[in-house]
Each structure stands twice: as structure tokens, then as C-alpha cells.
Amino acid sequence: NYGDESTENLNRVSYYTPRFSGFQAGISYAVDNQSRGQTVNRFDDGAAHGGVTTSAENIWSGAVNWEGKFDQVGINLGATGEWGNATLATNEDLRTWQAGAKFTYMGFALAGSYGSWGDSLNATSAANDDDSNFWTVGASYETGPFGASVTYLDSRYDLGATHNDFSNISVGVDYKLAAGFTPYAEVSFIEVDSAATAATNDNDATVFIAGTQLSF
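Conventions we followed
- Residues numbered from 1 in each chain as written.
- Predicted model: local features only at pLDDT ≥ 70, side-chain atom pairs only at ≥ 80, totals over all residues.
- Heavy atoms only, no water.
- Helix = DSSP H or I, 4+ residues; strand = E, 2+ residues; numbered from the N terminus.
- Buried < 20%, exposed > 50% of the residue type's maximum accessible area, 1.4 Å probe, protein only.
- Contact = heavy atoms within 4.5 Å.
- Pairing = 2+ DSSP bridges.
- Axes fitted to C-alpha atoms, helices over the stretch in contact; angles between N-to-C directions.
- Polar contact = N/O pair within 3.5 Å; in protein donor to acceptor, adjacent residues only side chain to side chain.
- Salt bridge = Lys/Arg side-chain N within 4 Å of Asp/Glu carboxyl O.
- Core = buried A, V, L, I, M, F, W, Y, C linked by side-chain atoms within 4.5 Å.
- pLDDT = per-residue confidence, 0-100.
- Patch = residues over 30% accessible without salt bridge, like charges linked within 9 Å, V, L, I, M, F, W, Y side chains within 5 Å.
- Areas by Shrake-Rupley, 256 points an atom, 1.4 Å probe, with all protein chains shown as cover.
- Phe/Tyr/Trp six-rings, centres within 6.5 Å; stacked < 30°, edge-to-face > 60°.

A. Region of the structure containing the overall build of the chain. Along the backbone of the chain there are one helix and 11 strands. Taken over 216 residues, the chain has a buried fraction of 23%. Here the analysis covers contacts within the chain between residues at least 6 apart in sequence; of these, 46% occur between residues at least 24 apart.

This is the structure in C-alpha cells:
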């Protein structure tokens, strides 16, 4: 889904097929991707009134997935796409897709994905050859009450002659002390590189998280 948390409350009409022979598909429609409640603005005509200039309308989303098992190996495959019309004639239309896979075996899991935004909703220009994309890979292991995982995300957002690179590697562990009581800890190493103003916008960070999950 193209966008950020400000578009999570979109009004959608969705349909999911029953799962048959491991396959399931879904399709949804949204009138536009304007924010719902997070951003207040009386206008929707773009920069002329300080509005959102990277919005789309008549948005269709489609997805298909398959899950199966061969002996002790579990397999999950999936792909999604999203298409819409840019609200500004000077922007490219919305065209995005992603695909991923997950394999499991005796407590081990390995997963990865790749997605592309292309030049979706960027300004139309012959000089722009944008190719915004991301990819992820992760692995985990569970044995008894103990679990551990490591994941990596790498993304590149192109905007004309400039681009922003983001990467994040996270390592986490958890331990089920009792039913519904699972303490956990995680450390993430983040790197942000901005080609536009590298001297001021580059950033590195290390984030530690510790907590407890309770369920009833």
C-alpha cells in the first residue's frame, strides 16, 4: 500500500475469495488516499492551498497468496499491486507492486520480499527516471518458550535527480515465561543517507526496546 500512517483510515470496499487449494485472492477500492483524521485541511487542490501534492484517486488494490506444506517444509507466497490516478495532472499515476515468500522448517523460518513504487505520484518530467523500491530479508528460530529473529530492510526513494536511502537491521529475542506472559528485547541499527543534503540530513541511530507482552 502506497503512503504512510496518515492514510491508514481510508474508507475501502474489499472482497476476499475463499481459500481453495492453498490459493486466496483479494481486491479493494478506495476513492482516494487522502488522510482520515490525522491531517486537517479544507482544500484538496494541492500546493495552491498547502494541500497534499502526492495524492491519488480511484485506487484499486489487488493481492493473491498461496500457502502449502511439503513434508515438514511450509511455504507461503504472496504478491500485491496498487493502481490509481494522480489528482494532479503534473504527477505520475500510482503504480506499485510487491512480492514476498516465507519458508518454515522445524522451528526455523526464512522470509524475504521486494517492492517497487517506480515513479508513482512524482512530478512528470523527461529528466526523471525514478525507481523507488525496497527489499527485506529475515530469519527466525523458535524452540520451546524461546524465540529469536533478525531482519533487514533496505529502501531507496528517488525524487528526480536526488534520492534517499534507508536501512535497518533488527535483532530480537523473547521468552514465554508463562501462558500470556512474554518478555522481549530488541535492538535496531538504522542508517539514513540523503543525497540532496548529505551534510545535514544523514543520520545513524541505535534503538533499544524492552518490554512484556500480556495476553488474556
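B. Fine view of the sheet that holds strand E9 (residues 162–175). On the basis of which strands lie adjacent, the open sheet formed by 11 strands has the order E1-E2-E3-E4-E5-E6-E7-E8-E9-E10-E11 and antiparallel pairing. One side of each edge strand has no neighbouring strand; the edge strands of this open sheet are strand E1 (12–16) and strand E11 (203–214). Strand-to-strand twist of the sheet, defined as the mean angle between neighbouring strand axes without regard to direction, takes the value 10°. Bridging between strand E10 (residues 181–194) and E11 involves 12 bridges; their strand directions are antiparallel. Note on E11: the bridge partner recorded for Ile 190 is Ala 205.

C. How the structure looks around the side chain of Ser 28. Within the fold, Ser 28 resides in strand E2 (residues 23–32). Within polar-contact distance, the side chain of Ser 28 engages the side chain of Arg 12 at 3.2 Å. Dropping the residues within four chain positions of it, Ser 28 is found in contact with Arg 12, Val 13, Ser 14, Ile 59, Trp 60 and Ser 61.

D. Just the pattern of salt bridges, in detail. Taken as a whole and assessed by the stated rule, the structure comprises three salt bridges. Arg 95 is the partner of Asp 93 in a salt bridge, and the nearest nitrogen-oxygen pair spans 3.9 Å.

E. Highlighting the side chain of Ser 55. For Ser 55, the location among the structural elements is in the loop between E2 and strand E3 (56–70). For Ser 55, a relative accessible area of 1% translates into the label buried.

F. Expanded view of unusual backbone geometry. Phi at Asn 58 is positive, roughly 50°, even though this residue is not glycine. Secondary-structure assignment places Asn 58 in strand E3. On the basis of relative accessible area, Asn 58 is assigned to the partly exposed category, the value being 34%. Unusually for a residue other than glycine, Met 106 sits at a positive phi of about 50°. Mapped onto the elements of the fold, Met 106 is located in the loop between strand E5 (94–105) and strand E6 (108–118).

G. Representation of the nonpolar core in the model. Core analysis: the largest hydrophobic core is formed by six residues, namely Ala 30, Ala 56, Ile 59, Ala 86, Leu 94 and Leu 121. Residues within four places of Ile 59 in sequence aside, it is in contact with Ser 28, Tyr 29, Ala 30, Asp 32, Asn 33, Glu 82, Trp 83, Gly 84 and Leu 94.

H. Representation of the pairing of E10 within the structure. Note: E9 against E10, 11 bridges, orientation antiparallel. Bridging from a neighbouring strand, Asn 164 pairs with Ser 194 of E10. Here E9 hands over to E10 after five residues, with Gly 180 in that stretch at a positive phi of 80°.

I. Local environment of the confidence of the model for the chain. For the chain, mean pLDDT is 85; residues scoring 70 or higher make up 80% of the total. Below a pLDDT of 50 lies the segment residues 45–51, which in the model reaches nine contacts outside its immediate sequence neighbourhood of four places, other chains included.

J. Representation of the pairing of strand E8 (residues 146–159) within the structure. Judged from the 11 bridges that link them, strand E7 (residues 132–143) and E8 form a sheet pairing that is antiparallel. Considered in E8, the bridge of Trp 135 is made with Asp 154. As defined by bridge partners, E8 adjoins E9 across 14 bridges and the pair is classed as antiparallel. Bridge pairing in E9 links Tyr 152 to Ile 169.

K. Structural context of a nonpolar patch on the surface. Side chains of Phe 70, Val 73, Leu 77, Trp 97, Phe 103, Tyr 105, Met 106, Leu 110, Tyr 114, Trp 135 and Val 137 sit close together on the surface and give an oily, nonpolar patch of about 1,000 Å² of accessible area. With three residues, the single largest contributor to the nonpolar patch is E5. Among the secondary structure elements, Phe 70 is positioned in strand E3.

L. Spotlight on the packing of aromatic side chains. Counted according to the given criterion, the structure contains seven aromatic pairs. For the ring pair Phe 23 and Trp 66, a centre distance of 6.3 Å and an interplane angle of 50° mean the geometry is tilted. Taken together, the positions of Phe 23 in strand E2 and Trp 66 in strand E3 put the pair 43 residues apart, joining distant regions of the chain. Of the residues examined, Phe 23 reaches a relative accessible area of 46% and is grouped as partly exposed. For the ring pair Trp 97 and Tyr 114, a centre distance of 5.6 Å and an interplane angle of 50° mean the geometry is tilted. Here Trp 97, found in strand E5, pairs with Tyr 114, found in strand E6; they are 17 residues apart in sequence, far enough to count as distant. Ring pairs connect the aromatic residues Phe 23, Trp 66 and Phe 70, which therefore count as one cluster.

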